[in-house]
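Spelled out, the chains give:
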Amino acid sequence: MSSLPDLVCPAGSLPALKAAVDNGADTVYLGFKNDTNARNFAGLNFDAKTMAEGIRYAHGKGREVLMAINTFPQAGRVDHWRHAVDNAVDLGVDAIILADVGLLDYARNKHPQQRLHLSVQGSATSYEAINFCQREFDIRRAVLPRVLTLAQVENVIRNTTVEIEVFGFGSLCVMNEGRCWLSSYACGESPNTVGACSPAKYVKWDKQPGAMETRLNGILIDRFADDEPAGYPTLCKGRFDVQGETYYALEEPTSLNVLEILPEIIRIGVRAIKIEGRQRSPAYVTQVTRTLRAALDSLRDGAGRYQVKPGWQAELAKVSEGSQATLGAYNRPWR
């Protein structure tokens, strides 16, 4: 068996960072408290003080820290993103996760010693795209979008020397990894420019007799009965009336869960497994990190006798969207 991949865990706050580190993360990823990162929600992310404290905590436990600067600079504000890159370098992060080629070029030329990763927001699904970014910007790792089968991931790995990181647990996205035309249409703001899908300022919960309606910029996204938990109004995961039938027309709430294919992921040479969820709670981070850590350690110690424990699946089911799990595109039967 190949060496174990790094377990890369989300840190949307200092408590979440500490939860990830304390429960077995090899690496945490985080972002500044502004629109340079794609999880720019109120109450999340790090200011200068908490960022420095979080990096000290992780490094003190021998773990790595990745900085996500993964939105796209806007006209007239490019320096805002460049300063974020400079600040990340000054803080001593182990790598910066970037999507924009202009920023990749800036980081490579201004900070040639800094390790760079290509963000999933860069939408590189082929080894040709990844090798281009290696040649031009010296990226060391690329995060693959969640649209490839496992065989396609293996083909990428065979044809590049760049480390490959894939998602192992968390929410899925039917768009091209954050370039959400639906959110842009509904709100006039793209997740890759303001750093949030369904920005909170457009969200409204409206209590009705016997139901809770959720709206995004006035658009009815879902209607929940009193005995249903009312989810955040994400347009792609709403229930809609389609020719007289009401259902999840675009995507059902479900979470990616790769526990059963972990041996294959390791066999093909994946270098890192990423947990989605910087917008989620420290409790979520604790449960998912602890479970994936146990599974990976079992693979390392099991001498080929790996089996998914029911307890692992039960723990992940508690924090899965819609209490459902999927292998997503990894197990797609068509090509």
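Counting restarts for each chain, with residues numbered from 1 along the sequence as it is written. Residue-level local features of this predicted model are given only where pLDDT is at least 70; pairs of side-chain atoms are given and counted only at 80 or more, and the full residue set underlies all totals for whole chains, interfaces and linings. To get the side-chain values, all heavy atoms of the structure are used, and hydrogens and water are removed first.

Asks: When you look at the overall build of the protein in this model, what are you seeing that I'm missing?
Replies: Scanning the protein for helices and strands turns up eleven helices and 15 strands. Here the radius of gyration uses the C-alpha set of atoms, whereas the globule reference equals 2.2 Å times the residue count to the power 0.38. Relative to the compact-globule value of 20 Å for 335 residues, the protein shows a C-alpha radius of gyration of 20 Å, a close match. Throughout, exposure labels follow a simple rule: accessible area from a 1.4 Å probe, protein chains only, divided by the maximum for the residue type, with under 20% read as buried, over 50% as exposed, and the rest as partly exposed. The proportion of buried residues among the 335 residues of the protein is 52%. Taking the intrachain contacts of the protein between residues at least 6 apart in sequence as the baseline, contacts between residues at least 24 apart amount to 63%. For every accessible area listed, the method is Shrake-Rupley and the probe measures 1.4 Å; residues are considered covered only by the protein chains on display. A total accessible area of about 14800 Å² is found for the protein, and carbon and sulfur atoms account for 50% of it. Computed over 38 positive and 38 negative side-chain charges, the inter-centroid distance for the protein is 3 Å. Under the DSSP-based scheme used, a helix requires at least four consecutive residues in state H or I and a strand at least two consecutive residues in state E, with every element numbered from the N terminus. Here, two residues are considered to be in contact whenever any of their heavy atoms come within 4.5 Å of each other. Positive: Lys, Arg. Negative: Asp, Glu. His and the chain ends are not part of the count. Charge positions come from single atoms, namely NZ of Lys, CZ of Arg, CG of Asp or CD of Glu.

Asks: Is there a simple way to explain the packing of helix H3 (residues 78–91) against helix H4 (residues 101–110) in this structure?
Replies: Packed helices, taken two at a time, are described by the angle between their axes plus the distance between the axes. Whenever a helix is involved, its axis is fitted only over the stretch in contact; in every case the axis is a line through C-alpha atoms, and angles between N-to-C directions fall within 0 to 180 degrees. Relative to each other, H3 and H4 sit at 40°, their axes nearing to 10 Å. Taken together, H3 and H4 sit at an angle that is classed as oblique. For the pair H3 and H4, the sense of crossing is right-handed. Residue-level inspection shows Trp-81, Arg-82, Val-85 and Asp-86 of H3 in contact with H4, the latter providing Leu-103, Tyr-106, Ala-107 and Lys-110. Its residues assigned to classes, the contact of H3 with H4 comprises five nonpolar, no polar and three charged. Here is the rule for angles: anything less than 35 degrees is roughly parallel, anything more than 145 is roughly antiparallel, 65 through 115 is roughly perpendicular, and the remaining ranges are oblique. For any pair of crossing helices, the crossing counts as left-handed if the nearer helix is rotated counterclockwise from the farther one by less than a right angle, and right-handed if it is rotated clockwise. Put simply, Ala, Val, Leu, Ile, Met, Phe, Trp, Tyr, Cys and Pro go in the nonpolar bin, Asp, Glu, Lys and Arg in the charged bin, and everything else, Gly too, in the polar bin.

Asks: Is there a simple way to think about helix H1 (residues 14–22) in this case?
Replies: Residues three or four positions apart in an α-helix share a direction because the helix packs 3.6 residues into each turn. Among the residues of H1, those classed as buried are Leu-14, Ala-16, Leu-17, Ala-19, Ala-20 and Val-21. Buried residues in H1 make contact with strand S1 (6–10), strand S2 (27–30), helix H2 (48–60) and helix H10 (282–301).

Asks: Help me understand H3 in this model?
Replies: Every helix has an expected span of 1.5 Å times one less than the residues it contains. Here H3 contains 14 residues, and its C-alpha end-to-end distance of 20 Å stays within 8% of the 20 Å for a straight helix at 1.5 Å per residue. For H3, the full list of buried residues reads Trp-81, Ala-84, Val-85, Asp-86, Ala-88 and Val-89. Just past H3, the residue Gly-92 takes up positive phi, approximately 85°.

Asks: I tried to follow the pattern of salt bridges on my own but got confused; where do I start?
Replies: Where side chains of opposite charge bring their charged atoms close, a pairing between them can arise. Note on definitions: salt bridges are taken to be side-chain nitrogens of Lys or Arg within 4 Å of carboxyl oxygens of Asp or Glu. For the structure on display, the rule yields 32 salt bridges. Residues Arg-271 and Asp-6 are paired through a salt bridge, measuring 3.2 Å at the closest nitrogen-oxygen approach. One end of the pair, Arg-271, is in the loop between helix H9 (262–267) and strand S14 (272–275); the other, Asp-6, is in strand S1, and 265 residues separate them in sequence. In this structure Arg-271 comes out as partly exposed when scored by relative accessible area, which is 31%.

Asks: Could you clarify how one ought to interpret the domain arrangement of the protein in this entry?
Replies: The figure often quoted for interface size is the accessible area lost as the parts come together. Source of the domain bounds: an automatic or database domain assignment. Domain boundaries assigned for the protein yield domain 1 (6–172 + 254–331) and domain 2 (182–248). Centre-to-centre, using C-alpha coordinates, domain 1 lies 27 Å away from domain 2. Each partner contributes residues to the interface: domain 1 has 14 residues there, and domain 2 has ten residues. Two parts placed together each lose some accessible area; with a 1.4 Å probe, that loss summed over both constitutes the buried area. Carbon and sulfur atoms supply 44% of the area that domain 1 and domain 2 bury against each other, a total of about 800 Å² over both sides. Taken together, the connections running from domain 1 to domain 2 amount to one salt bridge. The term polar contact refers here to a pair of N or O atoms within 3.5 Å; inside protein, the definition further demands a hydrogen-donor-capable atom paired with an acceptor-capable atom, and it admits residues adjacent in sequence only when both atoms are side-chain atoms. On inspection of domain 1 and its partner domain 2, the count reaches two residue pairs in polar contact (both at pLDDT 80 or more). Of the residues assigned to the side of domain 1 that touches domain 2, the class counts are four nonpolar, seven polar and three charged.

Asks: Would you mind showing me how to read the pairing of S1 here?
Replies: Side-chain positions along a regular strand alternate between the two faces of the sheet. In terms of burial, S1 is a largely internal element, five of the five residues being buried. Bridge count between S1 and S14: three bridges; the pairing is parallel. Note on S14: the bridge partner recorded for Val-8 is Lys-274. The β-α-β motif built from S1, the intervening H1 and the parallel element S2 has right-handed crossover chirality. Paired strands, as defined in this entry, are two strands with at least two bridges between them according to DSSP. By the criterion used throughout, a crossover qualifies as right-handed when its path from the first strand across the helix to the second strand runs clockwise, the strands pointing away from the viewer.

Asks: Got a minute to help me understand the side chain of Glu-154 in this structure?
Replies: Counting through the fold element by element, Glu-154 comes out in helix H6 (residues 150–158). Given a relative accessible area of 16%, Glu-154 falls into the buried group. Ignoring any residue separated from it by four or fewer positions in sequence, one finds Glu-154 in contact with Arg-267 and Ile-268.

Asks: Just to check I follow, could you spell out unusual backbone geometry for this structure?
Replies: Keep in mind that most residues, glycine aside, have a negative phi and that most peptide bonds are trans. Unlike most non-glycine residues, Ser-123 shows phi in positive territory, near 55°. Relative to the assigned elements, Ser-123 resides in the loop between strand S5 (116–118) and helix H5 (127–137). The backbone of Asp-138 sits at a positive phi, close to 60°, despite the residue not being glycine. On the secondary structure map, Asp-138 appears in the loop between H5 and strand S6 (141–143).

Asks: Explain the environment of Leu-44 here, please?
Replies: By the element assignment, Leu-44 lies in the loop between S2 and H2. C-alpha separation for the pair Leu-44 and Ser-281, spaced 237 residues apart in sequence, amounts to 9.9 Å. Discounting chain neighbours no more than four positions away, the residues touching Leu-44 are Gly-12, Lys-33, Arg-39, Arg-278 and Gln-279.

Asks: Is there a simple way to think about the packing of aromatic side chains in this case?
Replies: How two aromatic rings sit relative to each other is given by the distance of their centres and the angle of their planes. Any Phe, Tyr or Trp ring, taking Trp's six-membered ring, that has another such ring centre within 6.5 Å forms a pair; planes under 30 degrees apart are called stacked, those over 60 apart edge-to-face, and the others tilted. By the definition in use, this model includes five aromatic pairs. Aromatic pair Phe-132 and Phe-137: ring centres 6.1 Å apart, planes at 85°, arrangement edge-to-face. Taking relative accessible area as the criterion, Phe-132 reaches 37% and is therefore assigned partly exposed. Aromatic pair Phe-169 and Tyr-284: ring centres 6.2 Å apart, planes at 40°, arrangement tilted. Residue Phe-169 is found in strand S7 (residues 163–171), and its partner Tyr-284 is found in helix H10; the two are separated by 115 residues along the sequence. Each member of the pair, Phe-169 as well as Tyr-284, carries the same accessibility label: buried. Joined through ring pairs, the aromatic side chains of Phe-41, Trp-205 and Tyr-232 make up one cluster. For a lysine, the NZ atom is tested; for an arginine, the CZ atom; a charge sits over a ring if that atom is within 6 Å of the ring centre and within 35 degrees of the ring normal. A cation over an aromatic ring shows up here: Lys-18 above the ring of Tyr-57, its NZ or CZ 5.3 Å from the ring centre.

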